[in-house]
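Chain residues, written in single-letter form:
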Amino acid sequence: MALLALLHRWADGRDVRISAATVDHGLRVEARAEAERVAAFCASRGIRHEILTLGDLSGPGNLSARARDARYAALTAHFLPQGCVTDAPYETSADAVGCVRDAPLVLLGHTMDDQAETVLMRLARGSGAEGLSAMAPERHAHGIRWVRPLLALRRDALRDWLRAEGIAWIDDPTNADPRYDRVKARRALEALTPLGLTAEGVADTAARLARQSEVLRTAATELSAAAVSPGPLWSWQID
């Protein structure tokens, strides 16, 4: 909701078309009514909005991962025909989308808290520098430019802003369900804060690792180019 409201305020007076999508994962009976509240908010501000309902998410493996993959697939299928895409051949609730002239993009509402929690979960899986870089501020995937403009902001700061603006929001109860790894990571981070392991510190570490990963990728590319030299092309004819 904060991302949507901020984007609407930024776009006011600019030649920008905004649309939004709320994904109903079908995992809670209350989700549809919550999505409709977002639709009403958008209607009051002249923002085009769609509710995307996912299919059956049952199956083996991690439910959160299946829901995430299905959510991105639904968002891609919804916005791709609208022109909110890039032509570059490159490779997550409610997601506000802005189609900016010469820079079409899809904006995602992940915060610094989400980033820190992601780092902890990947650390538990034994990830290296690439994985611990966590969520990139921007990436290209499936023809769409995905941008996370709120990674430098804390979740509580956005809630304070919404309160000041008189804008209501809904807290997903699964965000407090200890069965989910992200909730466990959130609680672990709260417990480690007295030791100085804060969301800001973890997010800064992720940013440094991202820069180091980029240096390593560049070095590997340069080494590959220097180590491989083209030779004469030989051809054989088999009788």
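Keep in mind that what you see is a predicted model, and the values were worked out from it rather than measured.

J.: Quick question: what am I supposed to make of the overall build of the chain here?
T.: When helices and strands are counted, the chain shows 8 helices and 6 strands. The helix and strand sequence of the chain, counted from the amino end, reads α-β-α-β-α-β-β-α-α-β-β-α-α-α. Burial statistics for the chain: of 239 residues in total, 38% are counted as buried. When the accessible surface of the chain is summed, it comes to about 14300 Å², and 56% of that surface belongs to carbon and sulfur atoms.

J.: I would appreciate a short explanation of the packing of aromatic side chains in the present structure.
T.: By convention here, two paired aromatic rings are described through the distance between centres and the angle between planes. Tallied over the full model, the rule gives 1 aromatic pair. Ring centres 5.1 Å apart and planes at 75 degrees place the aromatic pair Y72 and W146 in the edge-to-face group. Above the plane of the ring of Y72 lies R139, whose end atom (NZ or CZ) is 5.8 Å from the centre.

J.: I tried to follow the side chain of R155 on my own but got confused; where do I start?
T.: Take R155: it is sitting in helix 6 (residues 155-165). For R155, a relative accessible area of 18% translates into the label buried.

Quick notes on the rules
Residues numbered from 1 in each chain as written. Predicted model: local features only at pLDDT ≥ 70, side-chain atom pairs only at ≥ 80, totals over all residues. Heavy atoms only, no water. Helix = DSSP H or I, 4+ residues; strand = E, 2+ residues; numbered from the N terminus. Buried < 20%, exposed > 50% of the residue type's maximum accessible area, 1.4 Å probe, protein only. Areas by Shrake-Rupley, 256 points an atom, 1.4 Å probe, with all protein chains shown as cover. Phe/Tyr/Trp six-rings, centres within 6.5 Å; stacked < 30°, edge-to-face > 60°. Lys NZ or Arg CZ within 6 Å of the ring centre and 35° of its normal.

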